[in-house]
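Geometric and topological summary
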Amino acid sequence: MRIRTAALSLLAVALATTLVACDRQDPSAGNAAPATEATAEAAAPATASDTVHAFAIGSLQATALRDGTLSVPNDNAVFGVGRTPEEVAEVLAAAGQPTDVLHLGVQPLLVRTGDRVLLFDTGAGRNMGDGAGKLGESLAAAGVAPGEVTDIFISHAHGDHVGGLVDAQGALAFPNATVRMTAQEWDDLRTRGTAEGADPVQAALVAAITPKVETFAAGAELVPGVVQAVEATGHTVGHAAYRITSGSDSLLYVGDSMHHHVISVQRPEWTIAFDRDADAGRERRQALLGQLADSGERVYAVHFPFPGLGHIERQGDGLVWAAE
Ligand SMILES: [Zn+2]
């Protein structure tokens, strides 16, 4: 069963009812509100194994937590803007993917270090229908109580990343956690959330998290020796990636620098409507993919198929996603 939502707000496509609905009011956003019918797809009942995926980053314990699945029609409203569905379908088919719909995972990341419990993004909360917003259940399956989370690192303030910061009643879902994001991203979110006529859901979110927010600048060392913010603007004005390090091992949490494991990687030059600034998003995506292919650094992609772990590899003249 699919639950249709007004649109994929989370990703800067204008939404009538979600947190990022206010993007419509931002003349710089460039989201001409494509009449997409992005859907949040209700997944089959999940087992523990496809809800929670534990892995190591050096000596750190990490866990991918499934929040849900989102689906976007292959109609060029979001992916391959300015191309044709046939062009997009050709790339999808060659990769063995469905050609009518593009599926995106949503999986926040949990990392334990010392006595701190770190959470990277928080999923959709109630913003995307019943197909997403399952972070609380996944967290429970991983044996973590919300009150144990000490630090939340937000890649950017779209509804599928910040929606899980609050519960169904609008209260803080992680009452003991500091909420960290770049100063630019917080300024943007707070401005929109406190503006006259602001979307009430977004306004409530901003009010709830304001006492908990701490901002940082790109490149900041956030947990010494463990978490560093990595400059990754483009998708939004203050979008950040995070490098998580343990000894000689590292992993880059790329946020929404890339969205689909085939289209974003194999055709990074194609415009994605989710990017607030299409050109900036494209430039960031192309540059980051090239860096990751050169370095071979391990990648955690929040929207790639669960659990979103893998590497970017060169294949011929192009790039491909190599899932672990
Ligand atoms: Zn997203």
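1. Brief notes about unusual backbone geometry
- Residue P307 follows F306 across a cis peptide bond; omega there is 5°.
- Tracing the backbone through its elements, the reader meets P307 in the loop between β18 (298-300) and β19 (309-315).
- Its identity as a non-glycine residue notwithstanding, N76 has a phi of 70°, on the positive side.
- Position of N76 relative to the elements: it lies in the loop between β5 (68-73) and β6 (79-81).

2. Points about the coordination of the zinc ion
- Only D160 (OD), H161 (NE2), D256 (OD) and H303 (NE2) from the protein coordinate the zinc ion, and they sit 2.0 to 2.2 Å from it.
- In this structure, the zinc ion is coordinated by four donor atoms arranged in irregular fashion, with angles at the metal of 84 to 159°.

3. So, the confidence of the model for the protein chain
- Looking at the protein chain as a whole, the pLDDT averages 87, with 85% of positions reaching at least 70.
- Counted against residues more than four places away or in other chains, residues 1-39, with its pLDDT under 50, gives 124 contacts.

4. As for the packing of aromatic side chains
- Enumeration according to the criterion identifies 10 aromatic pairs in this entry.
- Between the aromatic rings of F304 and W321, the centroid separation amounts to 4.8 Å while the plane-to-plane angle is 80°, which identifies the pairing as edge-to-face. Of the two residues, F304 is situated in the loop between β18 and β19 and W321 in strand β20 (residues 318-323); the sequence distance between them amounts to 17 residues.
- Judged by relative accessible area, F304 falls into the buried class, the value being 0%.
- Grouping aromatic residues by their ring pairs yields a cluster made of F55, F120, F153, F216, Y242, Y253 and Y300.
- When the ring centre of F306 is taken as origin, the NZ or CZ atom of R66, which lies over that ring, is 4.5 Å away.
- The ring of W270 is capped by R267, whose NZ or CZ atom sits 5.7 Å from the centre of that ring.

5. What about the pairing of β20?
- Pairing of β19 with β20, which is carried by six bridges, proceeds in the antiparallel orientation. Bridge pairing links E313 to V320 in β20.
- Hairpin connection from β19 to β20: two residues lie between these consecutive antiparallel strands, with G316 at a positive phi of about 65°.

6. What about the environment of V72?
- Along the polypeptide, V72 turns up in strand β5.
- Sequence spacing of V72 and D100 is 28 residues, and the spatial spacing of their C-alpha atoms is 8.8 Å.

7. Here we look at the sheet that holds β19
- In space, the seven strands of this open sheet follow the order β13-β14-β15-β16-β18-β19-β20, with mixed pairing throughout. Among the strands making up the open sheet, the edge pair consists of β13 (221-223) and β20. Each neighbouring strand pair of the sheet contributes to a mean axis angle of 35°, computed without reference to strand direction.
- As defined by bridge partners, β18 adjoins β19 across two bridges and the pair is classed as antiparallel. Bridge pairing in β19 links V299 to G310.
- On the sheet, helix α8 (residues 278-295) packs against β14 (227-231), β16 (249-253), β18, β19 and β20 and is oriented at approximately 90° with respect to β19.

Reading the values: rules and limits
Each chain has its residues counted from 1, running along the sequence as written. A pLDDT threshold of at least 70 governs which residues receive local features in this predicted model, and a stricter bar of 80 or more applies before side-chain atom pairs are shown or counted, although totals over entire chains, interfaces and linings include all residues. Just so you know, side-chain values use all the structure's heavy atoms and leave hydrogens and water out. Strands here mean DSSP runs of E at least two residues long; helices mean DSSP runs of H or I at least four residues long; both are numbered from the N terminus. Water is not part of the atom set, so a site may look incomplete; the donors themselves are N, O and S atoms within 2.8 Å of the metal, or 3.2 Å for Na, K and Ca. In short, tetrahedral needs four donors with all angles between 85 and 135 degrees, square planar needs four and octahedral six donors with opposite donors over 155 degrees apart and all other angles between 65 and 115, and whatever is left is irregular. What pLDDT reports is the predictor's confidence in each residue, on a scale of 0 through 100. The contact rule is simple, with two residues in contact once any of their heavy atoms fall within 4.5 Å. Two rings from Phe, Tyr or Trp (for Trp, the six-membered ring) form a pair when their centres are within 6.5 Å of each other. A pair whose planes differ by under 30 degrees is stacked, one over 60 is edge-to-face, and the rest are tilted. Relative accessibility decides the category of a residue: with a 1.4 Å probe and only protein chains considered, values under 20% of the type maximum give buried, values over 50% give exposed, and everything between is partly exposed. Only when the NZ of Lys or the CZ of Arg is both within 6 Å of the ring centre and within 35 degrees of the ring normal is a charge said to sit over the ring. Strands are treated as partners if at least two bridges between them are detected by DSSP. For helices, the fitted axis covers only the stretch in contact; all axes are lines through C-alpha atoms, and the angles between them, taken along N-to-C directions, range from 0 to 180 degrees.

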